[in-house]
There are 2 protein chains.
Amino acid sequence: MIKAAVMGHGTVGSGVYEVFEMNAEKIARVAGQPVEVKYVLDLRDFSALPYADKFVTDFSVIENDPEIAVVAEVMGGVGAAYEFTKRCLQAGKSVCTSNKELVATRGEELLRIAEENGVGYMFEASVGGGIPIIRPMLQCLAANEINEICGILNGTTNYILTQMIHNGVTFEDALKQAQLNGYAEKDPTADIEGHDACRKICILSDLALGDKFDPDQVCCEGITKITLEDVANADKLGCVIKLLGRMVRNEDGTAYAYVAPHLIHKESPLAAVEDVFNAIMVNGNATGEVMFYGKGAGKLATASAVVADMLDCIEHRNNRRRILWGDGSKGLLRPLDTLQSAWYVRFKGKLADLEARLPVESAAEPAESVFVVKTHKLSTADMQARITALNACGEVRAAMRML
Amino acid sequence: MIKAAVMGHGTVGSGVYEVFEMNAEKIARVAGQPVEVKYVLDLRDFSALPYADKFVTDFSVIENDPEIAVVAEVMGGVGAAYEFTKRCLQAGKSVCTSNKELVATRGEELLRIAEENGVGYMFEASVGGGIPIIRPMLQCLAANEINEICGILNGTTNYILTQMIHNGVTFEDALKQAQLNGYAEKDPTADIEGHDACRKICILSDLALGDKFDPDQVCCEGITKITLEDVANADKLGCVIKLLGRMVRNEDGTAYAYVAPHLIHKESPLAAVEDVFNAIMVNGNATGEVMFYGKGAGKLATASAVVADMLDCIEHRNNRRRILWGDGSKGLLRPLDTLQSAWYVRFKGKLADLEARLPVESAAEPAESVFVVKTHKLSTADMQARITALNACGEVRAAMRML
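Everything in this summary refers to the structure shown in the same document. These numbers were taken from a predicted model, which means no experiment stands behind them. (Residues numbered from 1 in each chain as written. Chains lettered and ligands numbered in written order. Predicted model: local features only at pLDDT ≥ 70, side-chain atom pairs only at ≥ 80, totals over all residues. Heavy atoms only, no water.)

**A word on the overall build of chain A**
Tallying secondary structure elements over chain A gives 14 helices and 17 strands in all. What you see for chain A is a C-alpha radius of gyration of 23 Å, in line with the 22 Å of a compact globule of 403 residues. For chain A, the C-alpha atoms occupy an extent of roughly 75 × 45 × 35 Å along the three principal directions. In chain A, which comprises 403 residues, the proportion classed as buried is 58%. Contacts spanning at least 24 positions in sequence make up 72% of the contacts within chain A whose residues lie at least 6 apart. On chain A, roughly 15,400 Å² of surface is accessible, and the fraction owed to carbon and sulfur atoms is 48%. Where the 41 positive side-chain charges of chain A centre and where its 54 negative ones centre are 1 Å apart. (Helix = DSSP H or I, 4+ residues; strand = E, 2+ residues; numbered from the N terminus. Rg over C-alpha atoms; globule rule 2.2 N^0.38 Å. Buried < 20%, exposed > 50% of the residue type's maximum accessible area, 1.4 Å probe, protein only. Contact = heavy atoms within 4.5 Å. Areas by Shrake-Rupley, 256 points an atom, 1.4 Å probe, with all protein chains shown as cover. Lys, Arg positive; Asp, Glu negative; His and termini not counted. Charge placed at Lys NZ, Arg CZ, Asp CG, Glu CD.)

Following this line, the structure appears as structure tokens:
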């Protein structure tokens, strides 16, 4: 009998307990023996639960119990979660988590501590919830150089955009709806400003390129400025608007990484990803494009990914997987200035002014004196200079990359 | 320096060599040291190649070289490939393969021999080419019971169907086109009759349920009977026709497994999978539906999956993954008789006769005296009896499951 602990009894934490109960037989088959959750750490009162006797409020009970081989950290945040994770690893316990904020900001350090203590630190659930992505990228694509990662990494914003696209709901109303449905939090900032997607693309870039991509250094634009006008214009261009986290590797080994809304063609497999679903496209230099698709969040989905990592730690206790990345000192992140994109631009003013300042591929006038154009490829810096110039003779109301 | 051998220098075999060359740096990073292909086994003359000195024609050279730790079997077939794989495993060498026929028919025995000899037998490339599916299903979904697998598992037939759907090309012409493009072999039987997809759904079922699903026992229907009429009717019903390999697990642990063309709704993510692409949807009882998408074949894609397995064997030499399934004696495969489906039926005759013999949900008459209906759910046995009855008073020209 293997003993485990769960730190945090929120949505994912209670899901982890539920998965251990509901799939006990399958879990025992994989682990070669039953696995029991011995402790659940949470400060709140859960005395009404049938497993109330498992609850502890003192972390050191877990830390000091030599029976505990593996711990789920599903508390969230970077305070106590960081502290407890570190101490678990130092006490020789593997830790598995869904905490993308912690992995994105302190992953490198925690992986190093895990390595030093001969245990595992795993985080399949931190990107894409229950969608397998970390392990497939690391292992199945191990013989590939990863050239690009491009994903719909946040379910909340994808739900909002889907409402705007299919039901003509404004951003504000779609956000309210998402909150009512439990898809968005009371304070939705991390989702709608793209911070959540940013942490995820950083984790994937860390893994793909082997050095830390700092979420604070990665350009991040959310979906708050997108209007129904843009959605309708995108449709006319045969596109939909999606918030993408993207990493593009350059030949010299540096890479662009950023989060921004994009117009993507309706034929792209990513365009068909709707509601709270996530999808991540990975381009390997041998395997080409592969895509991973599923619900990017949800209690049992995310929890089952945490439990799968725990089983992996149990199975490979004496020969754990080596996952490490550098501290960011390789400086792989390249400023976006030089990244070339075609752009969608919505401009209020005169067409002649617009055409004098932009290499326009196609133009339309959906409303009087409002022009919508698709440009030829332009670098980010070039585009920014042109926007400044355009704002001197009119008003650039929207500018978005096209994929 | 780790030494490897490649058995077979056809499309995938030459791709394996190419991946080792092209991604040598990445491979060394993953393996912790460089990996060199020491031998390539093939009877044909490759003396013009720059690496002609690697070629051997005598298998025992590989078998008897203690330096060789891991071998790629990319010969195909179940004759020499079986013999050589077995002898490699017995000689303490891990074997990685893309050979679905061998895995589907002798996988259980070869995995057992690998286990007995403390080496690995891995086959990520045998399903979906370069698409990660085996490892994600085994590891990332380890905490899930797999309730259903449903996939477009064969690129050739999907290419043919895409031509029929989008370009109005007949089956015969689309097949010729596929042969011209190198997507179909001279003898296309294994693809168009569904045998290739059948081997793949058997492998996935073996893994998901832990006992052998024998391709010879699994019902398998190809796409040779599909007409442009059916394609047009499907379109009117909001569907497209796709050849699916499917496994459905019952509550008692038995499962249906089969290959057949289906009408699937256009909103389904599987409907958007076109040309030679593959996609596999896996439903886990905790994680819900996840989908894996990419090119299901292709030299470098398939080869890179074989190389990734080789790297896994190298990394985990002393703690290899335990993959085993039973010899089929659990009898998990349930006859299709009781599987319930809605059906698409094309019938020549009188509507009254049709309605008297089928629980029709909706009907149309696309041509005089030809009726197209969608039925309510009926078991396979029930449907077969009704087809017999219908053929007594008219002619059932097509009957296909709807998903």
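**What about the pairing of strand β14 (residues 360-367) of chain B?**
Strand direction decides the pairing type here: β14 of chain B and strand β15 (residues 370-375) of chain B, joined by five bridges, are antiparallel. Bridged to Ala-367 of chain B within β15 of chain B is Val-370 of chain B. (Pairing = 2+ DSSP bridges.)

**Re the packing of helix α7 (residues 155-167) of chain B against helix α8 (residues 171-180) of chain B**
All names here are of chain B. Remark: α7 packs on α8, axes separated minimally by 9 Å, with the N-to-C direction vectors making an angle of 130°. Classified by the angle between their axes, α7 and α8 sit oblique to one another. The two elements α7 and α8 cross, and the hand of that crossing is right-handed. For the pair formed by α7 and α8, the contact residues are Tyr-159, Ile-160, Gln-163 and Met-164 on the first element and Phe-171, Ala-174, Leu-175, Gln-177 and Ala-178 on the second. (Axes fitted to C-alpha atoms, helices over the stretch in contact; angles between N-to-C directions. Parallel < 35°, antiparallel > 145°, perpendicular 65-115°, else oblique. Left-handed = near helix turned anticlockwise from the far one by under 90°.)

**A word on the relation of the copies chain A and chain B**
When chain A is fitted onto chain B, the two copies agree to an RMSD of 0.0 Å after a turn of 180° and an axial shift of 0.0 Å. Taken together, these values place the two copies in the relation of a two-fold axis. If distances are taken from each C-alpha of chain A to the rotation axis, the shortest is found for Phe-292 of chain A, at 2.5 Å. A shared interface surface links the copies, since 100% of the contact residues of chain A are contact residues in chain B too. (Least-squares fit on C-alpha atoms with pLDDT ≥ 70 in both.)

**Remarks on the side chain of Arg-346 of chain B**
Residue and element names in this part refer to chain B. Inspection of the secondary structure assignment puts Arg-346 in strand β13 (residues 340-348). For Arg-346, a relative accessible area of 3% puts it in the buried group. One polar contact links Arg-346 to Thr-227, side chain to side chain, over a distance of 3.3 Å. With residues near it in sequence (within four places) discarded, Arg-346 still touches Thr-227, Glu-229, Asp-230, Asn-233, Val-370, Phe-371, Val-372, Glu-395, Val-396, Arg-397 and Ala-398. (Polar contact = N/O pair within 3.5 Å; in protein donor to acceptor, adjacent residues only side chain to side chain.)

**Things to note about the environment of Lys-236 of chain A**
In this structure, Lys-236 of chain A sits in helix α11 (residues 228-236). When the C-alpha positions of Lys-236 of chain A and Ile-280 of chain A are compared, they lie 25 Å apart, and in sequence the two are 44 residues distant.

**Some points on the interface of chain A and chain B**
Each partner contributes to the interface: chain A provides 43 residues, whereas chain B provides 43 residues. With both chains or domains summed, chain A and chain B bury close to 3,700 Å², and 53% of this area falls on carbon and sulfur atoms. It is Cys-140, Ala-143 and Tyr-293 of chain A in chain A that bury the most area against chain B; as a group they hold 16% of the surface buried on that side. At the boundary of chain A with chain B, the tally comes to two salt bridges. A salt bridge links Glu-145 of chain A to Arg-29 of chain B, with the nearest nitrogen and oxygen atoms 3.8 Å apart. If you look at where chain A meets chain B, you find 16 residue pairs in polar contact (both at pLDDT 80 or more). Going through the elements one at a time, α1 (11-22), α2 (24-31), α6 (134-140), β12 (288-295) and α12 (299-315) of chain A are the ones with two or more residues in the side of chain A that touches chain B. Counting residues per element, the side of chain A that touches chain B draws most heavily on α12 of chain A, which supplies eight residues. Of the residues in the side of chain A that touches chain B, the class split is 22 nonpolar, 11 polar and 10 charged. The pairing of β12 of chain A with strand β12 (residues 288-295) of chain B spans five bridges and is classified as antiparallel. Counterpart to Tyr-293 of chain A in the pairing with β12 of chain B is Met-291 of chain B. (Buried area = accessible area lost by both parts, 1.4 Å probe. Salt bridge = Lys/Arg side-chain N within 4 Å of Asp/Glu carboxyl O. Nonpolar A, V, L, I, M, F, W, Y, C, P; charged D, E, K, R; others polar.)

**A short note on the sheet that holds strand β3 (residues 55-56) of chain A**
The strand order across the open sheet built from six strands is β3-β2-β1-β4-β5-β6 (chain A), with neighbouring strands paired in parallel fashion. Each edge of the open sheet carries a strand with a single partner, namely β3 and β6 (121-122) of chain A.

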